[in-house]
Structure formats: structure tokens, C-alpha cells
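Each chain, written out:
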Amino acid sequence: MTSLVSQARSEGSVTFSLLKTALYGRIVFGASAVLFGVIALMWHDSNTWQNLQHIWRLPFGTLIGGCLMAALIAGGIGMQYPRTARLASVVLCVVYLCFSLACIPDIIAASNIYDRYGGSFFLFFSLLCGAIALYAATEANAAKAVAFGRLARLGLGVCAISFTLGQALLPRETASLVPKWIPPSQMFWAILTTVAFAIAAIAILINRQARLAIRLMTLMLALFGAAVWVPRLIAHPKAHFNWSECVLTFLISGAAWVVADLKSF
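What counts, and where the lines are drawn
- Residues numbered from 1 in each chain as written.
- Predicted model: local features only at pLDDT ≥ 70, side-chain atom pairs only at ≥ 80, totals over all residues.
- Heavy atoms only, no water.
- Helix = DSSP H or I, 4+ residues; strand = E, 2+ residues; numbered from the N terminus.
- Rg over C-alpha atoms; globule rule 2.2 N^0.38 Å.
- Buried < 20%, exposed > 50% of the residue type's maximum accessible area, 1.4 Å probe, protein only.
- Contact = heavy atoms within 4.5 Å.
- Lys, Arg positive; Asp, Glu negative; His and termini not counted.
- Charge placed at Lys NZ, Arg CZ, Asp CG, Glu CD.
- Core = buried A, V, L, I, M, F, W, Y, C linked by side-chain atoms within 4.5 Å.
- Axes fitted to C-alpha atoms, helices over the stretch in contact; angles between N-to-C directions.
- Parallel < 35°, antiparallel > 145°, perpendicular 65-115°, else oblique.
- Left-handed = near helix turned anticlockwise from the far one by under 90°.
- Nonpolar A, V, L, I, M, F, W, Y, C, P; charged D, E, K, R; others polar.
- Phe/Tyr/Trp six-rings, centres within 6.5 Å; stacked < 30°, edge-to-face > 60°.

> I tried to follow the overall build of the chain on my own but got confused; where do I start?
Each helix and strand in the chain was counted, giving 13 helices and zero strands. For the chain, the succession of helices and strands along the chain, N to C, is α-α-α-α-α-α-α-α-α-α-α-α-α. The C-alpha radius of gyration of the chain comes to 19 Å, within 12% of the 18 Å expected for a compact globule of 265 residues. Dimensions of the chain, computed from C-alpha atoms along their principal axes, come out at roughly 65 × 45 × 35 Å. With 265 residues in all, the chain has 46% of them scored as buried. In the chain, the proportion of contacts linking residues at least 24 apart, taken out of those at least 6 apart, comes to 71%. Measuring between centres, the 18 positive side-chain charges of the chain sit 9 Å from its 8 negative side-chain charges.

> Sorry, what's going on with the nonpolar core here?
The nonpolar side chains of a soluble globular protein tend to be buried, and buried together. Of all hydrophobic cores here, the largest spans 59 residues; its most connected members are Phe-36, Leu-52, Leu-72, Tyr-96, Phe-99 and Met-217. Top element by residues in this core is helix α8 (residues 119-137). It accounts for 11 residues. Apart from the residues within four sequence positions on either side, Phe-99 is in contact with Phe-36, Leu-52, Ile-55, Leu-68, Met-69, Leu-72 and Phe-124.

> Quick question: what am I supposed to make of the packing of helix α12 (residues 210-235) against helix α13 (residues 240-260) here?
The relative placement of two packed helices comes down to the angle between their axes together with the axis-to-axis distance. Viewed as axis vectors pointing N to C, α12 and α13 meet at an angle of 165°, and their least axial separation amounts to 9 Å. Relative to α13, the element α12 lies roughly antiparallel. Considering the relative orientation of α12 and α13, their crossing is left-handed. Here the residues of the contact of α12 with α13 sort into 18 nonpolar, five polar and four charged.

> What is the right way to read the packing of aromatic side chains from this model?
Aromatic rings considered in pairs are described by the distance between their centres and by the relative angle of their planes. Evaluated as defined, the whole model comprises 12 aromatic pairs. Centroid distance Tyr-96 to Phe-99: 6.1 Å. Interplanar angle 65°. Geometry classified as edge-to-face. Residue Tyr-96 and its partner Phe-99 are located together in helix α5 (residues 82-102), separated by three residues, close to a single helical turn. Residue classification places Phe-99 among the buried residues on the basis of a relative accessible area of 1%. With a centroid separation of 5.7 Å and 75° between ring planes, the pair formed by Phe-99 and Phe-124 is classed as edge-to-face.

Everything listed here is a matter of geometry and, on its own, says nothing about what the molecule does.
What follows is the structure in C-alpha cells.
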């Protein structure tokens with residue numbers, strides 16, 4: 001009995017130690033998850049749900065979608081506490097996997113060039129990578145932690161390729177999102193960030209300065225959210241699309257941050 005208690009305390013201590021290093025990333029990742037779940041439950045429209053609206057077409061789709069969003073909220077809260085972080089990571093893995101699969105119909109239909117290359121799929125897949133990284137951070141077994149961490153890193157690297165393609169294939173649309181007051185020009189920043197995504201993807205996939213690349217990509221995404229979507233949200237708070245895009249941008253930032261904070265991958 002005493003040995004079981006000691007083992008439980010030891011595992012709890014390991015989990016707490018591992019999670020301490022990813023504190024701020026978890027806060028951003030978890031808070032964004034909660035906010036996205038809340039607005040999705042509040043506003044049942046395609047501007048908020050975007051590609052996830054395909055869930056509605058399933059049998060009992062409205063109920064399934066509501067349960068997934070409720071699970072997202074619970075996972076976002078649970079990941080903040082060492083005792084529930086591991087369970088929360090499993091819940092979030094399931095939720096983000098379902099979100100990723102919900103984007104496949106758009107890839108098959110190829111409604112636009114962005115979805116033709118799986119843009120929306122990899123957006124949500126990057127969140128799955130963050131959830132896998134959270135699971136790795138709560139894994140006491142060193143070998144398994146490294147394996148799950150490597151999976152999260154490689155997955156995020158593939159997502160970075162998708163982000164690169166998304167901007168390269170839609171340069172004008174990307175440039176239009178950059179505030180005009182930022183010098184030297186909108187197209188300059190569109191090209192620069194596309195190149196940055198490409199370099200980050202290579203570094204992450206070959207695991208050369210991967211942690212630095214992920215951190216810089218996290219910073220770039222967070223700055224994009226702060227400079228582009230927050231002002232739009234303030235200017236047009238009734239536009240549900242602005243809320244959705246803003247929260248998703250910070251969700252991806254949080255996911256990348258959690259991956260970057262892993263001790264080994």
C-alpha cells in the first residue's frame with residue numbers, strides 16, 4: 001500500500017515538473033480552446049464553425065457538435081491543472097482529430113485552392129499536434145515521452161508546409177490581411193512570412209534548431225493574431241468570422257508553444 005502511494009506521488013511530481021515548463025503555452029492553448037468552444041456554442045453559424053459545419057450533416061450532428069465543443073471547453077480547463085492535464089490531453093486529442101476529419105469533405109470537393117491542398121485540415125491538425133505534445137509532457141516514461149514528442153514535432157512541421165503553401169498560393173489574399181500602416185508594404189510581409197514558414201518547416205522536420213524555429217513561428221503567429229485579427233475584432237465585434245479566426249490563430253500559437261516547450265522531441 002505504501003509503495004502504491006509513493007508511486008502515485010512520484011508520478012504526480014513528474015507530471016507537475018514537466019508541466020511547469022509549458023505553463024504559458026498551456027494557458028494560451030487552453031484559454032483559446034475554451035473561448036472557441038464557447039463562441040461555437042453561442043453562435044451556431046458557418047462563420048464561426050467554418051469547415052466544422054460538416055459535423056452538422058452527420059446523424060445527430062447538432063448533438064455531436066455540441067458535445068465536441070463542450071469537451072473542448074472541459075479539455076481547455078483541465079489542461080491547466082497537473083492532476084487533470086493527462087486526461088485533458090486525451091480528450092483534446094479526440095476532439096482535434098474529429099475536427100481534422102471534418103475538413104476532409106472540403107479537400108475531396110476541392111471548393112477552393114486552399115482546401116485543395118488540405119489547408120483547413122492542417123489548421124486543425126496543428127491543434128492535434130499541440131494536444132499530443134501535452135500528452136507527451138505528462139508521460140512519465142522517458143522513451144514514450146520522446147516518441148510522442150517526436151510525433152508532435154513532425155506533425156507540426158508538416159502543418160508548417162501547409163501554412164507555407166496556403167500563403168504562396170494566395171499571395172494577394174495574404175497581403176490584404178496585413179494592416180496598411182505597417183511599412184514597407186503589405187506584399188513584403190506576405191512574402192517574408194511565407195519564407196519564414198518554409199524555413200521553419202524545414203528546420204522542424206530535419207530537427208535542426210527545431211525548438212528555435214517553433215518558438216519563432218509561435219511568435220509570428222501570435223503577432224499576426226495581435227496585429228491583424230484583434231484590431232478587426234475590435235472594429236467589427238459583431239462579425240463572427242473575426243472571432244473565429246482570431247481565436248483559431250491563438251489556438252495554433254498555443255499548440256506550437258506547447259510543442260516548443262517539450263524537453264525532448
